[in-house]
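Structural characterization, general
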Amino acid sequence: MKRGTCHPLFHLSPFYPTLKMQDEDIALHRFALFTACCTAFLIFVGGLVTSTRSGLSVPDWPTTYGWNMFTFPFSKWVGGIFYEHSHRLVASTVGFLTVILTVWTWMKETRSWVRWLSTAATGAVILQGVFGGLTVIFLLPAWISTVHACLAQTFFCLIIAMAVVTSPQWKRGLPLIKAHAESVPLETLCVMTTSAVYVQLILGALMRHTNAGLTIPDFPLALGHIIPPLISSKVIIHFAHRVGALMVTAMVVWTFSRIARSYSYYPLLLRPARTMLVLVVVQISLGAATVWTAKALLPTTAHVLTGALVLGTSFLLTLRAYAMVVDRVPAWK
Amino acid sequence: MQKRTLFLSASLLVAALAAGCGGGGSNEPTLPPAPSNTTPSGPSFDMSKATATVSGKIAFEGTPPPNDKIQMSSDPYCQMHAAEYSTAETVKVTDGGLENVMIYVSMGAPAGPFAPPSTPVEIVQQNCHYVPHVFTIMTNQTLNVKNADMTLHNIHIWAEKNPQFNVGQAVKGMITPTKFATPELIPIRCDVHKWMGAFVGVFDHPFSTVSKQDGTYELKLPPGTYEITAWHEKFGKKTMMVTVADNEKKDLGFSFNANDKAATAD
């Protein structure tokens, strides 16, 4: 961005003419927040399906053993069906919540880009449902399952964005901070971190859906070495995920250090940065536990959820960094 | 405004529910199409020529390793039969004989074609287990998968050379027929009940069998020289050569031990 120009998100400031100061629909924001929480739960439930190898326990879609999925008898939720069917119901619930959020946004929101953001979220959740059905119908091909996993993370980010931009805090305008002279601007650093996390999630999904999770059964060494013999594609995928973990950790530490050093007076940046750092430590521990326990159910599934939370936190931080850090703070600020 | 939002949302909900509608029970499952070439071309091999007999015992040396314990509590119906099946069926040794070993001609089988028997082979889901656990079938011979339980099962055929399929059987008595066009060793699983598993050997000839409870087996062959393979799901496979003459009986025993391991795919 050129020096002396306004920040692209300046129109969100309280002095932007078309924004109504009184139009704080906190209910919409809370609903978006609730949908985001449900989405995190859905990611956990989806992780359980793969962790329990229940993905094909319901062979048909969108029906469940021929039943309408909303009327499938509870007495028949046995074995793997419990996980897969629960996942479908929670996913449907999140889908409905997203549709309600979109309708509500179109009716309440004056900012057209927020309306279209909600529409994108609905489109993403519908597409996610289709991919979920396709992966069952085509018997869990790795690429469809991996896309399904990654699209879940993308949708999660869209819902987080909805929760953020509908917040009264955001609508009033976040405090503007003059950017420090840095080789890598904070916003760029946050984008890089979020991107690194997303790539790591893709690798994680690929590893899960190609059954490469225990191809390297030891940790922190890999097949007894620091760099394992790359004897198969599964070993390569698994090791790439471990290398990705190092990259993500480095990016998160870098981001946190930057914020702690230069922006420590701004809790809107410091808190998510700190949360992200803690989550990454937890995530590495869960990754180790997953290997050590030979993919025990809880650490493995918690690892999936924590990965999503790292992404969500990083994404939130990125949004705020873009909104708050400017080249020049206007005189009225 | 709020009422209109609620009305619109409710309408969308109802529309989505209707879109998810299915029957009140289970519909007929959709199977991959049966192979088109179900009858061999040319005159079939005359099985009366199979006058020689190769028989023997599949022995297990030493102490068999313990089978994994299984938990059937995830399904109350299956839990009723848990006492009969406390462990997996992987290794079953009786009087030194290893059960459920697939024995087949891997090389030297006479030129076909071999007409598949008209009698179907049946695998039954009974008390939440597959019966039989290991069996053989010919290409293009009908395999009937039957649900004999008062619970849901899905029959998931993990074929690689044949079309893979996964079919639900929600009702007791449901029979799902299928056929395999290509010789292959195929694992069978139920994704609802994780402990359930079976193996089917698909051959394009009739010279295959499975060892009985005491480890014994018998193969009827035409005179000739053959490579006979014995395969076990945990201990892998062993091969031996045998030559038999017309009406000759030969004893061919195989031996496995706890150190033998099946090759694992990457």
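Residues numbered from 1 in each chain as written. Chains lettered and ligands numbered in written order. Predicted model: local features only at pLDDT ≥ 70, side-chain atom pairs only at ≥ 80, totals over all residues. Heavy atoms only, no water.

Attention now goes to the packing of aromatic side chains. All names here are of chain B. Across all of its chains, the model carries 14 aromatic pairs over all chains by this definition. Note on Phe-199 and Trp-231: the rings are 5.3 Å apart at their centroids and 65° apart in plane angle, and the pair reads as edge-to-face. Residue Phe-199 is found in strand β13 (residues 197-203), and its partner Trp-231 is found in strand β16 (residues 224-232); the two are separated by 32 residues along the sequence. For the pair Phe-199 and Trp-231, one class covers both residues: buried. Positioned above the aromatic ring of Phe-256, the side-chain terminus of Lys-238 is 5.4 Å from the ring centre. (Phe/Tyr/Trp six-rings, centres within 6.5 Å; stacked < 30°, edge-to-face > 60°. Helix = DSSP H or I, 4+ residues; strand = E, 2+ residues; numbered from the N terminus. Buried < 20%, exposed > 50% of the residue type's maximum accessible area, 1.4 Å probe, protein only. Lys NZ or Arg CZ within 6 Å of the ring centre and 35° of its normal.)

Going through the model one piece at a time under the given rule, you end up with one disulfide over all chains. Cysteine Cys-150 of chain A remains unbridged, with the sulfur of Cys-157 of chain A as its closest cysteine sulfur at 11 Å. Note on Cys-150 of chain A: relative accessible area 12%, which makes it buried. Cysteine Cys-190 of chain B remains unbridged, with the sulfur of Cys-78 of chain B as its closest cysteine sulfur at 8.0 Å. A relative accessible area of 2% means that Cys-190 of chain B is categorised as buried. (Disulfide = S-S within 2.5 Å.)

All names here are of chain A. It is the contact of helix α1 (residues 26-51) with helix α4 (residues 142-165), at a shortest axis distance of 8 Å, that shows an interaxial angle of 160°. When the axes of α1 and α4 are compared, the pair comes out roughly antiparallel. Remark: the crossing between α1 and α4 carries left-handed chirality. In this structure, α1 uses His-29, Ala-32, Leu-33, Thr-35, Ala-36, Thr-39, Ala-40 and Ile-43 to contact α4, whose residues at the interface are Ala-152, Gln-153, Phe-155, Phe-156, Ile-159, Met-162 and Ala-163. (Axes fitted to C-alpha atoms, helices over the stretch in contact; angles between N-to-C directions. Parallel < 35°, antiparallel > 145°, perpendicular 65-115°, else oblique. Left-handed = near helix turned anticlockwise from the far one by under 90°. Contact = heavy atoms within 4.5 Å.)

The next point concerns the confidence of the model for chain A. Residues and elements named next belong to chain A. Counting all residues, the mean pLDDT for chain A is 91, and 91% of those residues have values of 70 or more. The low-confidence segment residues 1-6 (pLDDT under 50) makes seven contacts with residues lying over four places distant or belonging to another chain. Scored below 50 in pLDDT, residues 13-21 makes 15 contacts in the model with residues more than four places away or belonging to other chains. (pLDDT = per-residue confidence, 0-100.)

Residue and element names in this part refer to chain A. Closest axis-to-axis distance for the helix α3 (residues 112-137)/α4 pair is 9 Å, and the angle between their directions is 155°. In terms of orientation, α3 and α4 fall into the roughly antiparallel class. α3 and α4 meet at a crossing whose hand is left-handed. In terms of residue class, the contact of α3 with α4 is built from 21 nonpolar, six polar and no charged. (Nonpolar A, V, L, I, M, F, W, Y, C, P; charged D, E, K, R; others polar.)

Now for helix α2 (residues 80-108) of chain A. With 29 residues, α2 of chain A extends 42 Å from end C-alpha to end C-alpha; this agrees with the ideal 42 Å at 1.5 Å per step. The element α2 of chain A is largely enclosed, with a buried count of 22 among its 29 residues. (Expected span 1.5 Å × (residues − 1).)

Residues and elements named next belong to chain B. Taking strand neighbours across the sheet as the criterion, the four strands line up as β14-β4-β16-β17 in an open arrangement whose pairing is antiparallel. Of all the strands in the sheet, the pair left with one neighbour each is β14 (208-210) and β17 (236-244). Pairs of neighbouring strands in the sheet enclose a mean axial angle of 30°, with direction left out of account. Where strand β4 (residues 102-107) meets β14, three bridges bridge the pair, whose relative direction is antiparallel. Across the sheet, the residue bridging to Ile-103 is Thr-209, located in β14. (Pairing = 2+ DSSP bridges.)

Right, let's talk about the sheet that holds strand β8 (residues 143-147) of chain B for a bit. All names here are of chain B. Overall, mixed pairing links the four strands, which are arranged β6-β5-β8-β11 in an open sheet. On the outer flanks of this sheet lie β6 (129-131) and β11 (175-178), each paired with one strand and no other. Across the sheet, the axes of successive neighbouring strands diverge by a mean angle of 20°, strand direction being ignored. Alignment of strand β5 (residues 121-126) against β8, held across five bridges, turns out to be parallel. Residue pairing for β8: Val-121 is matched across the bridge by Leu-143.

On to the pattern of salt bridges. Counted by the stated rule, this structure contains six salt bridges over all chains. The residue Glu-84 of chain A makes a salt bridge to Arg-88 of chain A at a minimum N-O spacing of 2.8 Å. Residue Glu-84 of chain A and its partner Arg-88 of chain A are located together in helix α2, separated by four residues, close to a single helical turn. Since its relative accessible area comes to 6%, Arg-88 of chain A is described here as buried. With a shortest N-O distance of 3.9 Å, Lys-250 of chain B and Glu-248 of chain B are connected by a salt bridge. Among the charged side chains, a salt-bridge network with shared partners connects Glu-109, Arg-111 and Lys-171 of chain A. (Salt bridge = Lys/Arg side-chain N within 4 Å of Asp/Glu carboxyl O.)

On to the side chain of Ser-262 of chain A. All names here are of chain A. Mapped onto the elements, Ser-262 comes out in helix α7 (residues 233-262). Under the relative-accessibility criterion, Ser-262 is labelled buried at 16%. What Ser-262 contacts, discounting residues up to four positions off in sequence, is His-180 and Glu-182.

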